[in-house]
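Understanding the architecture of this molecule
Here is how the chains run, residue by residue.
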Number of protein chains: 2
Amino acid sequence: MSDILIIGTVAFDTIETPFGRVEKALGGSATYASFAASFFSRPALISVIGRDFPEEYIKLLKNRGINLQGLKTDDKTFHWEGFYEYDMNEAKTKKTELNSLENFKVKVPEEYKDLKYVFLANIDPEQQHETLKQMRKPEFVVLDTMNFWISHKKRQLMDVIKKADVLLLNDGEARQLFNTASLVKAANEALILGPKAIIIKKGEHGALLFTKNKHIENAWHASEQSTRSQDEHFRDARKSEECERVRNEAHSHLKDLRHFSAPGYPLENIKDPTGCGDSFGGAFIGYIAKTNDLSEQNFRRAIVYGSVVASHNAEDFGLNRLKTLKMGDIEKRYKEFQAIREF
Amino acid sequence: MSDILIIGTVAFDTIETPFGRVEKALGGSATYASFAASFFSRPALISVIGRDFPEEYIKLLKNRGINLQGLKTDDKTFHWEGFYEYDMNEAKTKKTELNSLENFKVKVPEEYKDLKYVFLANIDPEQQHETLKQMRKPEFVVLDTMNFWISHKKRQLMDVIKKADVLLLNDGEARQLFNTASLVKAANEALILGPKAIIIKKGEHGALLFTKNKHIENAWHASEQSTRSQDEHFRDARKSEECERVRNEAHSHLKDLRHFSAPGYPLENIKDPTGCGDSFGGAFIGYIAKTNDLSEQNFRRAIVYGSVVASHNAEDFGLNRLKTLKMGDIEKRYKEFQAIREF
């Protein structure tokens, strides 16, 4: 029995870093996310591959207990080609061949529809939205995205954010999406849209968690009320006087935002950061589903587990490290995360 | 009675940030460092000012209990003009008028010579070295520097590093000085040179502490022995076979480096980051001197106090925030630092 639905991409990745190169390795947001989640829970995947997708990769996913009922086959597999420069901070895209992803219509299998935990991993926000619509009663929705969707489908992305419980962004994306240099302001803006929490991933610098406070909660309720009576679409109403007042109210209490700062793990060698954000998200929701505890305190632990799995992921190309990773390695590094932040 | 000697610059700072501009504000590494240290201890300053230095600034320093016996007057005050762009990460220099700093000859006053705690704040490494030579028995030496000295006086800087107990660098400087993208490798290189600890300041991302382990200790002793018998200068001998072996030995144990990761404080608004590194260092050594405890555990607490004072410093232009800061504000934020890292 599965317990988390994960939608995202399954891809061939061709990656070059200062430490080497791999060709058509198994990649994609849903691949990394479900692989990482599988250490804690039983993910059910929704994605599309091509007829060129090797049996060996299918086996790899199946062996992790990942439910592939929702994995369609059509045309050729999505292929991403990119590289990292010396600082390894940002993937530069060389080529994107959408292939089967281009006409991918989401259809959630019947047996997935009652799942409680949903991870909308990085993919077109319209496909994320469509997935959510087909679910019967999702209780905990985590949403990830990337700069490409912020630039090209911001409105659609905003619509999905409003329906998410937890929004994942990296620091650059948070600044881009909310048009501010301050991560605290960006977090506040995100929370006003609806999510209970926003997690800002900062790569080697760790991750930040901001959660809703009373002021945002009040603001959000007031604005919801006023919006419903006038207009279905919150985004139009946001411009109204009431909503302006409500946002200012929340902004004037920025200092009260509840906040957690997870350390980064000091890696000697980062070989390939591809999939670190996805595996962070997968491990995060995997741990939440396993513990079935939606408290802020448990989010903190889940973030550290996410950081542990992501830091391992960066130590080798593609999925190589996650393939051999054991639960013992995860628990050992989790303890190191505790030790390095003690004072 | 003073308890910390601080050498560095006292300056007029003309600063522009996206949030405003100040002209000829009181600045300089020794100013920020001693101001910050004065919350915990009694600093004794060594620096030079010009005859244009206003009495009002002197009073400000005196009122903080800073010993100005070692503050010479000559010519005009050192003037730095710089600006920050939107991301606030790096000061860009527009103009540097060295003035009285150009011919500054360090002379440590008799009453400073027995001080146990020494902070070599950012200034020419030759002046840092000269200060150290004139001290009778410094027991704990903290060294700060900047990219300018790494580029222009690397050899002299290396000589001072060997004599320091704690080296402070920001992440960019650490990478520059040791020519590596990995902060762990840079830390290891720094520790092999002699210091007990290296602290890497990462601005809004917090700070890292790395301390010597047995492997580095052994490596360092072995190399010290072999150097002494052949050559007075360790830097020449480093190229010898023995030293190469010893460095490789230490590098093969990178994973064993003891490490602490202090969170950054999530500021809503960074108005002016000038002097944050200096006030971090000043508060760090100020707290160490106050507690008179050189354990790694106490370094961790001192780093958090450094981060607390530096984060306050960034909230207003120049010294404005530190001027009104109270010990209660410091303790309150220290507790917040504990809360935000708890999991």
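The model shown is predicted, which means the values in this text are computed figures rather than measured ones. Chains are numbered independently. Their residues run from 1 in the order of the written sequence. Each chain takes a letter, starting from A, and each ligand takes a number, starting from 1, following the order in which they are written. Since the coordinates come from a predicted model, pLDDT governs what is reported: local features require at least 70, and pairs of side-chain atoms require 80 or more to be given and counted, while whole-chain, interface and lining totals use all residues. Side-chain figures throughout are based on the complete set of non-hydrogen atoms in the structure, without hydrogens or water.

What follows covers the relation of the copies chain B and chain A. The copies were overlaid with a least-squares fit restricted to C-alpha atoms from residues scoring a pLDDT of at least 70 in each copy. Rotating chain B by 180° and moving it 0.0 Å along the rotation axis overlays it on chain A with an RMSD of 0.0 Å. What the superposition gives is, in effect, a two-fold axis relating one chain to the other. It is histidine 205 of chain B whose C-alpha, among those of chain B, lies nearest the rotation axis, at 3.0 Å.

Residues and elements named next belong to chain A. In this analysis, axes come from line fits to C-alpha atoms, helices being fitted only over the stretch in contact, and the angle between any two N-to-C directions falls in the range 0 to 180 degrees. Helix and strand definitions here come from DSSP, where helices need a minimum of 4 consecutive H or I residues and strands a minimum of 2 consecutive E residues; each element is numbered from the N-terminal end. Close contact between helix α11 (residues 276-291) and helix α12 (residues 296-313) brings their axes to 7 Å; oriented N to C, the two are set at 140°. By the criterion of interaxial angle, the relationship of α11 to α12 is oblique. With respect to the hand of their crossing, α11 and α12 are arranged in right-handed fashion. Across the interface between the two elements, Cys276, Ser279, Phe280, Ala283, Phe284, Tyr287, Ile288 and Thr291 of α11 pack against Asn298, Phe299, Arg301, Ala302, Ile303, Tyr305, Gly306, Ser307, Val309, Ala310 and Asn313 of α12. A per-class count over the contact of α11 with α12 returns twelve nonpolar, six polar and one charged. These descriptions rest on fixed angle ranges, namely under 35 degrees for roughly parallel, over 145 for roughly antiparallel, 65 to 115 for roughly perpendicular, and the rest for oblique. In this scheme the crossing of two helices becomes right-handed for a clockwise turn of the near helix relative to the far one and left-handed for an anticlockwise turn of less than a right angle. Only heavy atoms enter the contact rule, under which two residues are in contact if any of them lie within 4.5 Å. Only Asp, Glu, Lys and Arg are considered charged, only Ala, Val, Leu, Ile, Met, Phe, Trp, Tyr, Cys and Pro nonpolar, and every remaining residue, Gly among them, polar.

Okay, the confidence of the model for chain A next. A residue's pLDDT is the confidence the predictor assigns to it, expressed on a 0 to 100 scale. Of the residues in chain A, 94% have a pLDDT of 70 or more, and the chain-wide mean is 92. The ipTM, which scores confidence in the relative placement of chains, is 0.85 for this predicted complex, and the corresponding pTM is 0.90.

Quick look at the pairing of strand β9 (residues 140-143) of chain B now. Residues and elements named next belong to chain B. The buried label applies to any residue whose accessible area, calculated with a 1.4 Å probe on protein chains only, is under 20% of its type's maximum; exposed applies above 50%, and partly exposed to all values in between. Side chains Phe140 and Val142 project from β9 onto one buried face, and the interleaved Val141 and Leu143 project onto a second face that is buried too. Between the parallel elements strand β8 (residues 117-120) and β9, the chain passes through helix α3 (residues 125-134) in a crossover that is right-handed. In the sheet, β9 pairs with strand β10 (residues 166-170) via two bridges, with the strands oriented parallel. Bridge pairing in β10 links leucine 143 to leucine 167. The definition of a right-handed crossover adopted here requires that, viewed with the strands pointing away, the path from the first strand over the helix to the second runs clockwise. A pair of strands is considered paired only if DSSP assigns at least 2 bridges between the two.

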